[in-house]
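# Breakdown of the fold
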Amino acid sequence: MKKYMITIIISLLVGFLLSNYMIKQYDSIDLMPIFNESETAYLIQQGVYSSMESMQKNTANLSDYIYSVIDNMYYVYVGMTLDPDNVNKLQTYYENKGITTIIKTTTLTDSNFISSLRQYDAVLKETNDASTIKEICKQVLEKYKGE
C-alpha cells in the first residue's frame, strides 16, 4: 500500500508541474483575434479627380471632405453612414446644395469608429435640419481622418 501511495504522490506532483509549465507557455503566446468586427459603410462620393490641383479647384465650395488617392486618382468623399436609410438623406442634402454625389461602399474594421458612426447615424436618422446634417457630416469626417 505504501508503494502505491508514493507512486500516486509522485504522479500527482509531476502532473501538477507539467500542467503549470504548459499554462505558463500558453499565457506567454500573443494571440490575435481570428474574427474582427467589420461593417459595411456607405461613402457619399463627390467626385474623382486626376490631380490635386483639379481636386482642390472642384472642391472649393465644400467646407468638409476627405479624399483618398488610389492609382493616382483623387477620390473625394463628403459623408459616410452605416444606415442605408441615411444614404438617401445625405444625398438629398447635397443635391439641395447643388452637389452631385454617388454612393460607394467600403468595409470598416475599427470597432471604435464603427461605434461612433452608429451614434452619429442615430442622430442623423432623427433629423432633417440642414445645419445638423452638415455638422454630423463634419464630425464623422473629422473622426475618420483621426483614425
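Everything below is about the structure shown above.
These lines cover the structure that appears in this document, whether it is placed above or below. (Residues numbered from 1 in each chain as written. Predicted model: local features only at pLDDT ≥ 70, side-chain atom pairs only at ≥ 80, totals over all residues. Heavy atoms only, no water.)

### Description of the sheet that holds strand β4 (residues 102-108)
Spatially, the four strands line up as an open sheet ordered β2-β3-β1-β4, and their pairing is antiparallel. Strand pairing shows two members of the sheet lacking a second neighbour, β2 (66-70) and β4, which therefore form its edges. The mean inter-strand angle of the sheet, taken between neighbouring strand axes irrespective of direction, is 45 degrees. Across five bridges, the pairing between β2 and strand β3 (residues 73-81) is antiparallel. If you follow Val69 over to β3, its bridge partner there is Tyr74. Helix α4 (residues 111-125) rests against β1 (39-49), β3 and β4 of the sheet, and its axis sits at about 60 degrees to β3. (Pairing = 2+ DSSP bridges. Helix = DSSP H or I, 4+ residues; strand = E, 2+ residues; numbered from the N terminus. Axes fitted to C-alpha atoms, helices over the stretch in contact; angles between N-to-C directions. Contact = heavy atoms within 4.5 Å.)

### Some details on the nonpolar core
The biggest cluster of nonpolar side chains holds 28 residues, and the ones touching the most others in it are Met80, Tyr94, Leu108 and Leu117. Elements supplying a minimum of two residues to this core: β1, β3, α3 (84-96), α4 and α5 (130-146). Ignoring sequence-local partners within four residues, the contact set of Met80 consists of Ala41, Tyr42, Leu43, Ile44, Leu90, Leu108, Phe113, Leu117, Val140 and Tyr144. (Core = buried A, V, L, I, M, F, W, Y, C linked by side-chain atoms within 4.5 Å. Buried < 20%, exposed > 50% of the residue type's maximum accessible area, 1.4 Å probe, protein only.)

### Considering α3
Think of an α-helix as turning once every 3.6 residues; residues three or four places apart then point the same way. Compared with an ideal rise of 1.5 Å per residue, which puts 13 residues at 18 Å, α3 spans 19 Å between its outermost C-alpha atoms and is within 8% of the ideal. Turning to α3, its buried residues number three or more, namely Asn86, Val87, Lys89, Leu90, Gln91, Tyr93 and Tyr94. Regarding α3, its N-cap is Asp83, as a side-chain oxygen of that residue lies 2.8 Å from the backbone nitrogen of Asp85 further along. Positive phi appears at Gly98, one or two residues downstream of α3, with a value of about 80 degrees. (Expected span 1.5 Å × (residues − 1). Polar contact = N/O pair within 3.5 Å; in protein donor to acceptor, adjacent residues only side chain to side chain.)

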